[in-house]
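Read off the chains here:
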Amino acid sequence: MRIILIILFILFLCVTLLIPMLVLLVVRLFNKDASEIISQHIARVVMKVVNFLAGAKVTVKGLENVPKDEAVLFVPNHRGAIDYTATVTSLPVPLYFVGKKEFVRIPLFGVWVYLQGTLLLDRSSRKEGLKTIFQAIDMVKAGKSILIFPEGTRNKGEITEPLRFKEGSLKISSKSGCKVVPMAITGTREIFEAQAPWIKPGPVTVRFGTPIDPKTLSEEDIKNYGAYVREKIAEMLKEEVEENK
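Residues numbered from 1 in each chain as written. Predicted model: local features only at pLDDT ≥ 70, side-chain atom pairs only at ≥ 80, totals over all residues. Heavy atoms only, no water.

**Digging into the overall build of the protein**
Okay, step 1: Within the protein, the regular secondary structure consists of ten helices and seven strands.
Okay, step 2: For 245 residues, the compact-globule formula gives about 18 Å, and the C-alpha radius of gyration of the protein, at 18 Å, lands near that figure.
Okay, step 3: With the principal axes as the frame, the protein shows a C-alpha extent of 50 × 50 × 35 Å.
Okay, step 4: Put simply, 75% of the contacts in the protein that link residues at least 6 apart link residues at least 24 apart.
Okay, step 5: Carbon and sulfur atoms make up 61% of the accessible area of the protein, which amounts to about 12800 Å² in all.
Okay, step 6: The averaged location of the 26 negative side-chain charges in the protein is 6 Å from the averaged location of its 34 positive side-chain charges. (Helix = DSSP H or I, 4+ residues; strand = E, 2+ residues; numbered from the N terminus. Rg over C-alpha atoms; globule rule 2.2 N^0.38 Å. Contact = heavy atoms within 4.5 Å. Areas by Shrake-Rupley, 256 points an atom, 1.4 Å probe, with all protein chains shown as cover. Lys, Arg positive; Asp, Glu negative; His and termini not counted. Charge placed at Lys NZ, Arg CZ, Asp CG, Glu CD.)

**Some points on helix 3 (residues 32–54)**
Okay, step 1: Spanning 23 residues, helix 3 covers 32 Å between terminal C-alpha atoms, matching the ideal 33 Å at 1.5 Å per step.
Okay, step 2: Every buried residue belonging to helix 3 is among Ser 35, Glu 36, Ser 39, Gln 40, Ala 43, Arg 44, Val 46, Met 47, Val 50, Asn 51, Leu 53 and Ala 54, and all of these are buried.
Okay, step 3: Looking one or two places after helix 3, you find Gly 55, whose phi comes out positive at around 75°. (Expected span 1.5 Å × (residues − 1). Buried < 20%, exposed > 50% of the residue type's maximum accessible area, 1.4 Å probe, protein only.)

**Observations regarding the packing of helix 3 against helix 4 (residues 82–90)**
Okay, step 1: Interhelical geometry of helix 3 versus helix 4 gives an angle of 125° and a closest axis separation of 9 Å. As judged from the angle between their axes, helix 3 and helix 4 are oblique. Considering the relative orientation of helix 3 and helix 4, their crossing is left-handed. Along its contact with helix 3, which presents Ala 43, Arg 44, Met 47, Lys 48, Val 50, Asn 51 and Ala 54, the element helix 4 presents Ile 82, Tyr 84, Thr 85, Ala 86, Val 88 and Thr 89. (Axes fitted to C-alpha atoms, helices over the stretch in contact; angles between N-to-C directions. Parallel < 35°, antiparallel > 145°, perpendicular 65-115°, else oblique. Left-handed = near helix turned anticlockwise from the far one by under 90°.)

**Some thoughts on the nonpolar core**
One broad trend across soluble globular proteins is that nonpolar side chains are buried collectively.
Okay, step 1: Grouped together as the largest cluster of nonpolar side chains are 34 residues, with contacts concentrated most on Val 46, Phe 74, Leu 91, Leu 147, Ile 191, Val 204 and Phe 208.
Okay, step 2: When contributions to this core are tallied by element, the ones reaching two or more residues are helix 1 (2–16), helix 2 (18–30), helix 3, helix 4, helix 5 (109–115), strand 6 (180–186) and strand 7 (202–208).
Okay, step 3: Here this core gets five residues from one element, more than from any other, and that element is helix 3.
Okay, step 4: Residues within four places of Phe 74 in sequence aside, it is in contact with Val 66, Leu 91, Val 93, Leu 95, Ser 145, Ile 146, Leu 147, Ile 148, Val 181, Met 183 and Phe 208.
Okay, step 5: The next biggest cluster of nonpolar side chains, apart from the first, holds 27 residues, and it includes Ala 71, Val 140, Leu 170 and Leu 237. (Core = buried A, V, L, I, M, F, W, Y, C linked by side-chain atoms within 4.5 Å.)

**Remarks on the side chain of Thr 85**
Okay, step 1: Along the chain, Thr 85 turns up in helix 4.
Okay, step 2: Judged by its relative accessible area of 5%, Thr 85 falls in the buried class.
Okay, step 3: Reaching out from Thr 85, the side chain makes a polar contact with the backbone oxygen of Ile 82 at a distance of 3.1 Å.
Okay, step 4: Sequence-distant contacts of Thr 85, that is, excluding residues within four places in its chain, are made with Met 47, Val 50 and Asn 51. (Polar contact = N/O pair within 3.5 Å; in protein donor to acceptor, adjacent residues only side chain to side chain.)

Spelled out as structure tokens, the structure:
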């Protein structure tokens with residue numbers, strides 16, 4: 001029943017958001033930043049509805065760890081599709097994603113991804129991938145916070161053992177000097193992927209850890225920055241699992 005409601009809601013959005021989408025495309029010609037912020041606000045409202053329809057009861061922890069006066073790199077683990085909706089609705093700050101290039105192939109959704117200022121990563125080309133990472137570095141330097149899933153795909157294994165982080169994704173922090181806010185997300189796989197195509201309502205926790213400042217790390221830690229951040233998130237996930245036993 002829930003999956004049917006979500007499909008109907010998406011079809012409803014395709015009709016009702018068509019005109020706002022066209023308006024925002026025009027606004028973007030004159031004020032790119034305004035168009036992106038408005039699009040992000042609309043996406044946040046839409047994602048709250050999706051969470052509700054999916055029965056995802058999102059609990060946010062550690063929000064006080066999110067810096068409010070500087071751009072940062074948000075780095076979460078990746079378990080399911082609900083990671084995106086839970087993340088968008090948990091953060092009060094404007095947020096720019098680094099997502100897969102394949103997103104643009106989805107009708108209408110691809111346009112909304114573009115309107116929000118999402119950076120699209122071409123995983124088939126190292127050169128194009130690096131170009132996207134450098135774009136993200138420039139955005140952080142311009143005061144825009146970025147979120148990237150460094151595992152590159154959803155982890156189907158043990159939740160406390162995230163997949164190996166792609167070191168290139170952490171260059172956004174090491175090259176710009178911005179802090180990394182580690183994020184531990186639990187409960188999302190159990191809502192959809194564990195019994196797809198059906199949806200099972202359940203609790204989701206989004207936990208923000210203590211920011212990691214690359215300027216305070218050793219040369220060895222920076223060299224293995226992805227592994228360093230991955231270990232911090234793994235520790236957070238273990239703590240979350242223990243607390244919920």
